[in-house]
Amino acid sequence: METAPDGRRGVTGSWANVGSMTGSLLGVGAAALVANFLDAQALHDWGWRLPFLGGSLLGVTAIWIRRNLHDSRRFAEHHAQREETSPLLEAFTTNRRETILALIFAAGYGTCYYIAFVFLPEWLTDRHLMARGTALAINTAATLAIIPLMPLFAIVGDRWLPRRTWIALAILVLAVLAVPLYLWMLDSGGSLASVVVAHAAFFGLLAVPLGSAPALFVEMFPEPDRLSGYSVAFNVGVGVFGGMTPMISTSLMAWSGSDIAPAIHFTVAAAIAILALALTPDRSRDPLR
């Protein structure tokens, strides 16, 4: 994104998540494949290892590719001229506000991502609304459908709406729709129409931050600690807080006795992400600092 042409940082950054979402697609597709083609006993005994075997082969390939990538000219120039300071320390001192806001936003939108992309098929299965194989197949199809939407939606933040506003609007609509969509799936007994519409709404609207958030993170930080600030905020927010989402949603259902606890969890997380965005300056039309 540092070397992207003017007005194309969003669409350039979206390709990072196109890559990661393609990985998610392969993961959920592999899960759907073994769940649909193996019986329960075979899946329990040895079938569950097959997706991990495929993932390990992809991991080795990714390491080989990464070792042969060059750094951008801008990064090389900056690295040659920078002072002997810790970028990580600078992210938590000089640019502490940006780091905290980025982490809060990442935690909020990461939680929404995990509820929709990871936890929803299990919720449908555990509530006896839909067979696991069918739920995973719908999840796979929805993931495939939104991959091309991410760069297309990122163009909106590059050309027409300020990036922060565009992301906030999408998350706001998600916050409003979450509980009604979960109630519809429950009340309809997991009808195919309700599940497909819920996936379309969740996945389609989440394609906006998935496409535009990489550029938003980059624009939040100045050059000396951009990589460190982005990495800490994204990986702690999405990886730690987002990664704990299935456990938290399951605990909330057990504690409250409510089947729509994940939807309430989703709404609260979306509100937190919107609050962080409201406190974040929009720099989508400015040169990188």
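Residues numbered from 1 in each chain as written. Predicted model: local features only at pLDDT ≥ 70, side-chain atom pairs only at ≥ 80, totals over all residues. Heavy atoms only, no water.

Peer 1: Whenever I open this one, the overall build of the protein chain confuses me. Can you help?
Peer 2: Looking only at helices and strands, the protein chain features 13 helices and zero strands. The helix and strand sequence of the protein chain, counted from the amino end, reads α-α-α-α-α-α-α-α-α-α-α-α-α. The C-alpha atoms of the protein chain give a radius of gyration of 20 Å, which matches the 19 Å a tight globule of 289 residues would have. Viewed in the frame of its principal axes, the protein chain has a C-alpha envelope of about 60 × 40 × 35 Å. Buried residues in the protein chain amount to 44% of all 289 residues. Partitioning the contacts of the protein chain with sequence separation of at least 6, the portion at a separation of at least 24 is 83%. Of the roughly 14,600 Å² of accessible surface on the protein chain, a fraction of 68% belongs to carbon and sulfur atoms. Charged side chains in the protein chain number 19 positive and 20 negative. The centres of these two groups are separated by 4 Å. (Helix = DSSP H or I, 4+ residues; strand = E, 2+ residues; numbered from the N terminus. Rg over C-alpha atoms; globule rule 2.2 N^0.38 Å. Buried < 20%, exposed > 50% of the residue type's maximum accessible area, 1.4 Å probe, protein only. Contact = heavy atoms within 4.5 Å. Areas by Shrake-Rupley, 256 points an atom, 1.4 Å probe, with all protein chains shown as cover. Lys, Arg positive; Asp, Glu negative; His and termini not counted. Charge placed at Lys NZ, Arg CZ, Asp CG, Glu CD.)

Peer 1: Could you clarify how one ought to interpret a nonpolar patch on the surface in this entry?
Peer 2: On the surface, Trp160, Leu161, Leu169, Leu172, Val173, Val176 and Leu177 cluster together to form a nonpolar patch covering roughly 630 Å² of accessible area. Relative to the elements of secondary structure, Leu177 occurs in helix H9 (residues 163-187). (Patch = residues over 30% accessible without salt bridge, like charges linked within 9 Å, V, L, I, M, F, W, Y side chains within 5 Å. Salt bridge = Lys/Arg side-chain N within 4 Å of Asp/Glu carboxyl O.)

Peer 1: Is there a simple way to think about the side chain of His199 in this case?
Peer 2: With respect to the helices, strands and loops of the structure, His199 is situated in helix H10 (residues 192-220). For His199, the side chain forms a polar contact with the main-chain oxygen of Val195, separated by 2.9 Å. Not counting chain neighbours up to four residues away, the residues in contact with His199 comprise Leu120, Leu124, Ile138, Asn139, Ala142 and Gly204. (Polar contact = N/O pair within 3.5 Å; in protein donor to acceptor, adjacent residues only side chain to side chain.)

Peer 1: How do you make sense of unusual backbone geometry when you look at a structure like this?
Peer 2: Excluding glycine, residues mostly carry a negative phi; peptide bonds, for their part, are mostly trans. The phi dihedral of His128 is positive, around 60 degrees, even though this residue is not glycine. Summarising the element assignment, His128 is placed in the loop between helix H6 (96-126) and helix H7 (132-146).

Peer 1: Before we go on, may I ask you to explain the packing of H7 against H10 in this structure?
Peer 2: If you want to describe how two helices pack, look at the angle between their axes and the distance between the axes. Running from N to C, H7 and H10 cross one another at 35 degrees; their axes reach a closest spacing of 9 Å. Taken as a pair, H7 and H10 cross one another with a handedness that is right-handed. In contact with Ile138, Asn139, Ala142, Thr143 and Ile146 of H7, H10 contributes Leu192, Val195, Val196, His199, Phe203, Gly204, Ala207 and Leu210. (Axes fitted to C-alpha atoms, helices over the stretch in contact; angles between N-to-C directions. Left-handed = near helix turned anticlockwise from the far one by under 90°.)

Peer 1: Help me understand the pattern of salt bridges, please; the structure alone is not making it clear to me.
Peer 2: Side chains that differ in charge, positive against negative, can pair when their charged atoms come close. Counted by the stated rule, this structure contains seven salt bridges. Put simply, Asp259 and Arg127 hold a salt bridge, and the shortest N to O gap is 2.8 Å. Taken together, the positions of Asp259 in the loop between helix H12 (245-256) and helix H13 (261-278) and Arg127 in the loop between H6 and H7 put the pair 132 residues apart, joining distant regions of the chain. Among the residues examined, Asp259 registers a relative accessible area of 29% and is labelled partly exposed. Judged by its relative accessible area of 29%, Arg127 falls in the partly exposed class.

Peer 1: When you look at the packing of aromatic side chains in this model, what are you seeing that I'm missing?
Peer 2: Given two aromatic rings, one states the distance between the centres and the angle between the planes to describe the pair. Counted under the stated rule, the structure contains 13 aromatic pairs. Connected via pairs of aromatic rings, a cluster forms that spans Phe105, Tyr109, Phe217, Tyr230 and Phe234. (Phe/Tyr/Trp six-rings, centres within 6.5 Å; stacked < 30°, edge-to-face > 60°.)

Peer 1: Where do I start with the environment of Ser228 in this structure?
Peer 2: Of note, Ser228 is situated in helix H11 (residues 226-242). For Ser228, the residues in contact, after removing those within four places along its chain, are Pro87 and Leu88.

Peer 1: Just checking my understanding: could you explain the packing of H9 against H13 for this structure?
Peer 2: The contact between H9 and H13 brings their axes to 9 Å, and the two run at 165 degrees. Our classification of the angle between H9 and H13 gives roughly antiparallel. Crossing hand, H9 versus H13: left-handed. Two secondary-structure elements touch here, H9 through Arg164, Ile167, Ala168, Ile171, Leu172, Leu174, Ala175, Ala178, Val179 and Tyr182 and H13 through Pro262, Ala263, Ile264, Phe266, Thr267, Ala270, Ala273, Ile274, Leu277 and Ala278. Looking at the contact of H9 with H13, its residues break down into 18 nonpolar, one polar and one charged. (Parallel < 35°, antiparallel > 145°, perpendicular 65-115°, else oblique. Nonpolar A, V, L, I, M, F, W, Y, C, P; charged D, E, K, R; others polar.)

Peer 1: I tried to follow the nonpolar core on my own but got confused; where do I start?
Peer 2: One recurring pattern in soluble globular proteins is that nonpolar side chains are buried together. If you look at the biggest cluster of nonpolar residues, it comprises 67 residues, and the most contacted ones within it are Phe105 and Phe202. For this core, the elements supplying multiple residues, two or more each, are helix H1 (9-37), H6, H7, helix H8 (149-159), H9, H10, H11 and H13. If you tally residues by element for this core, the top one is H6, at 15 residues. Beyond its immediate stretch of four places on either side in the chain, Phe105 contacts Ile167, Ile171, Ala213, Leu216, Phe217, Ala273, Ala276 and Leu277. (Core = buried A, V, L, I, M, F, W, Y, C linked by side-chain atoms within 4.5 Å.)

Peer 1: Would you take a moment to explain the environment of His79 for this structure?
Peer 2: Looking at where His79 falls in the secondary structure, it is placed in helix H4 (residues 73-81). Note: C-alpha distance between His79 and Pro224 (145 residues apart in sequence) is 8.8 Å.

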